[in-house]
Amino acid sequence: MTPEELHDVGQKHREQDAKTPHHVRVCMAAGCMSQKSDEIKKTLEKAIKEKGASDPCKVKCVGCMGLCSAGPLVRVDTEGQDSVMYQNVTVDDSSEIVQSISDGKPVERLVCDTNVPFFAKQQKIVLENVGEIDPDSLEDYISVGGYSALGKALAEMSPAEVRSEVEASGLRGRGGAGFPTGLKWGMMARNESETKYIICNADEGDPGAFMDRAVLESDPHRILEGMALAAYATGANHGYVYIRAEYPLAIKRLKNAIRLAARAGLLGHHISGTRFSFQIEIRLGAGAFVCGEETALIASIEGKRGQPKPRPPFPAQSGLWGKPTCINNVETLANIAPIVNKGGAWFASIGTEKSKGTKVFALAGKINNTGLIEVPMGITLREIVFDIGGGIPDGLSFKAVQTGGPSGGCLPDRHLDMAVDYDNLRDAGSIMGSGGMIIMDEESNMVDVARFFMEFCMSESCGKCIPCRVGTYQMHNLLDRIAEGQGTHEDLALLEELCITVACTSLCGLGQTAPNPVLSTLRYFRNEYLDLIGEQHIPAFVGQEASQ
Amino acid sequence: MAWLTKNSGTMQIERREEPYLDDALKAKLEAEVIIRYPDRRAAMLPTLHAVQHQVGWLPLQALAEIGAFLGVAPSEVMDTASFYEEYWLEPKGKYVIWLCQSITCELLNRESLMQKLQAKLSIKPGQTTEDGKFTLMNVECLGSCGTAPCALVNETLHEDLTAENLDQILDALE
């Protein structure tokens, strides 16, 4: 489709929509769907049909509305009025909701107040269409400006101009490490080759993270558009989405999106009548966490064991089948279309000095509002946990927030006022990671948390390099001993030594960061380890005074 | 642990006449998968997925057939298949219950659910009930932490699990 055709399709779809004064949006992301939101949709449609067409009303499937803890969620949008969000809806509520639309009075007992910080404090770029559009409809995506960035880039911009916008935006990789995306694309573009690959890394495996799943389930075209823009900017012509097989709904929606986009000429040969051709394939993972590491992911696509390789050569020089390959995370790619549309300077105006834009976090654990949120970089942890997250349930107090999954760390309450960005989190002993945030209350045992993550790393280690294969196993043994109350001071000293050795000598990110949960809990919650060792501990500062 | 492997040197391959990778599946894979890659080996994971989908698991004979089909040694097929946790080198039950063992589910008491499942089905994780109906598995994060604890039963996700609704879910399966 050319930009003009895109505009027409969007216009027509909007006009069509405007003929219906009421829209009922039903969340069809995996969270609400497991609570029968698909049946709610059916009963809503039935109730509307029974009432007759006097007051046109359309039910629409949309993706994640964010507040998963209050699901299933239903939102009624009436033209010229404020939207009404309903929470914990059941099949039996359908006729009442439909009745309320014609009465013009919301069903008070189900209303979910959207004027609370959970909604008000968020700033949406990646998630702007999530929960608004039907993920299975290409027209829906186009009607909110979808594929206009691709159209604009192909018609008005050179690949170098697209790259320089992304560079100017300051966007950093959202997979965890935070490598500047513009720089990665530049490296890739400089390597001449007839075949180049773009890979979307959707092998989201961090415990506690579900951002990528929600984006793929709710707005799959955004990822395809981001990949096409990345391909145009770097001279690639083939794309792969490497996605976990554990996400069946995301796979289904993505497959459908690729089919629709290809049929509309937005993927495939000579897109928009230009010389640019780009196709996308889906590759399913098979349950190996290490395949999120880029060289392991490449090995897996090549049909081998998913084991990483030493870098250099970097994938941008020699990746998939020895060709230049650029691997970007789902959320990174979701940011590309708005950057191309609104400009790098706009994106760079959001966030902190070194971390631009917004970040999507998945709130989980001991917190009142679990779900998906998007906030500007630089927001404090306190705002996330207590304002947006609504604090800790059951009257208990906050103990720690875990970020970055098995590669990250646990931060205690003294860091609550820290501004969240890549560098601050790293300095505090954790990492941004892909965006999982697990909140722990006073009852959580931090040695157990460290042991949990070490067990994860141990079982997910690919076994290629010895520090990771043997080191994680031995560290897990030591943690086990300490957690069972049989540890000694020597065990603790050995554990710390092993942490440093494994971090410094492992081949890939999995091993290098595996000690982080241990190191950060030792840094902030050392007393819990000492308590388990059974010796009376002396707080550090008292000990120092005594020795002086 | 992907690097733990069984000694396959003395394994006996139970053979049957009829191939697991039949001509219809071969034709389908040629047309839909292999054509999309620059070499045949790249189709390894999709082929393993496809055969597993059809047969239910991956018998050794099937691995050998896949090797011949893709032009790689059977040992290399074994090497790849044994690395990934989702390939079944042993038969599995009609329903596979994947109980998430991630940190959020752990914090929200998944252990008691695991105990309950083990007692109800009289099997341990990794095992299949005698009637071949259920296989119980631990799985890494299913990405439903907002509504933990959760489990995947074949391809259906169940969230906010309790001892009661877990019972109902299993009892509803035929």
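Residues numbered from 1 in each chain as written. Chains lettered and ligands numbered in written order. Predicted model: local features only at pLDDT ≥ 70, side-chain atom pairs only at ≥ 80, totals over all residues. Heavy atoms only, no water.

1. Focus on the overall build of chain A
Helices and strands together make up the secondary structure of chain A, namely 25 helices and 13 strands. A compact globule built from 548 residues would reach a C-alpha radius of gyration of about 24 Å, and chain A, at 25 Å, matches this within 12%. C-alpha extents for chain A along the principal axes are approximately 80 × 60 × 40 Å. When contacts within chain A are restricted to residue pairs at least 6 apart in sequence, long-range pairs at least 24 apart make up 72% of them. A total accessible area of about 20700 Å² is found for chain A, and carbon and sulfur atoms account for 49% of it. The average position of the 54 basic charges and that of the 70 acidic charges among the side chains of chain A differ by 6 Å. (Helix = DSSP H or I, 4+ residues; strand = E, 2+ residues; numbered from the N terminus. Rg over C-alpha atoms; globule rule 2.2 N^0.38 Å. Contact = heavy atoms within 4.5 Å. Areas by Shrake-Rupley, 256 points an atom, 1.4 Å probe, with all protein chains shown as cover. Lys, Arg positive; Asp, Glu negative; His and termini not counted. Charge placed at Lys NZ, Arg CZ, Asp CG, Glu CD.)

2. Focus: the interface of chain B and chain A
Taken together, the contacts link 43 residues of chain B with 60 residues of chain A. Roughly 3900 Å² of surface becomes buried between chain B and chain A when both sides are summed, with 58% attributable to carbon and sulfur atoms. On the chain B side of the interface with chain A, the three residues burying the most area are Trp3, Phe83 and Ile103 of chain B, jointly 17% of the side's total. For the interface between chain B and chain A, the tally reads two salt bridges. (Buried area = accessible area lost by both parts, 1.4 Å probe. Salt bridge = Lys/Arg side-chain N within 4 Å of Asp/Glu carboxyl O.)

3. Here's the deal with the packing of aromatic side chains
The description of an aromatic ring pair uses the distance of the two centres, along with the angle that the planes make with each other. Using the criterion set out here, one finds 17 aromatic pairs over all chains in the structure. Counting every residue linked through ring pairs, the aromatic cluster contains Tyr197, Tyr240 and Trp321 of chain A together with Tyr37 of chain B. Residue placement shows Arg16 of chain B over the ring face of Tyr20 of chain B; its charged tip is 3.7 Å from the ring centre. In this arrangement the basic side chain of Arg40 of chain B is found over the ring face of Phe69 of chain B, its NZ or CZ atom lying 5.2 Å from the centre. (Phe/Tyr/Trp six-rings, centres within 6.5 Å; stacked < 30°, edge-to-face > 60°. Lys NZ or Arg CZ within 6 Å of the ring centre and 35° of its normal.)

4. Observations regarding the layout of surface pockets
Counted as a void, the second largest pocket has a volume near 1600 Å³. Residue lining of the second largest pocket: 42 residues in total, with Ile251, Lys255 and Leu284 of chain A together with His49 and His53 of chain B positioned closest to the centre. Secondary structure elements with two or more residues in the lining of the second largest pocket: α12 (248-263) and β7 (279-284) of chain A together with α1 (23-32), α2 (44-55) and β1 (95-100) of chain B. Counting residues per element, the lining of the second largest pocket draws most heavily on α2 of chain B, at eight residues. Of the residues assigned to the lining of the second largest pocket, the class counts are 22 nonpolar, eight polar and twelve charged. (1 Å grid on protein atoms, 1.4 Å probe; cavity = no way out; pocket = protein on both sides within 12 Å on 5 of 7 lines; lining within 4 Å. Points joined across faces, edges and corners; volume = space filled by probe spheres on them. Nonpolar A, V, L, I, M, F, W, Y, C, P; charged D, E, K, R; others polar.)

5. A word on the domain arrangement of chain B
Each assigned domain of chain B is listed with its residue range as follows: domain 1 (23-83) and domain 2 (95-173). Computed over C-alpha atoms only, the centres of domain 1 of chain B and domain 2 of chain B are separated by 30 Å. (Domains from an automatic or database assignment.)

6. Here we look at the sheet that holds strand β5 (residues 197-202) of chain A
Residue and element names in this part refer to chain A. Spatial strand order, β7-β6-β5-β8: four strands in an open sheet with parallel pairing. Strands at the two margins of the open sheet, each flanked by one partner only, are β7 and β8 (325-329). Between one strand and the next, the sheet's axes are offset by a mean angle of 20°, whatever the strand orientation. Relative to β8, β5 runs parallel, the two being bridged by five bridges. Within β8, the residue paired with Ile198 across the bridge is Cys326. (Pairing = 2+ DSSP bridges. Axes fitted to C-alpha atoms, helices over the stretch in contact; angles between N-to-C directions.)

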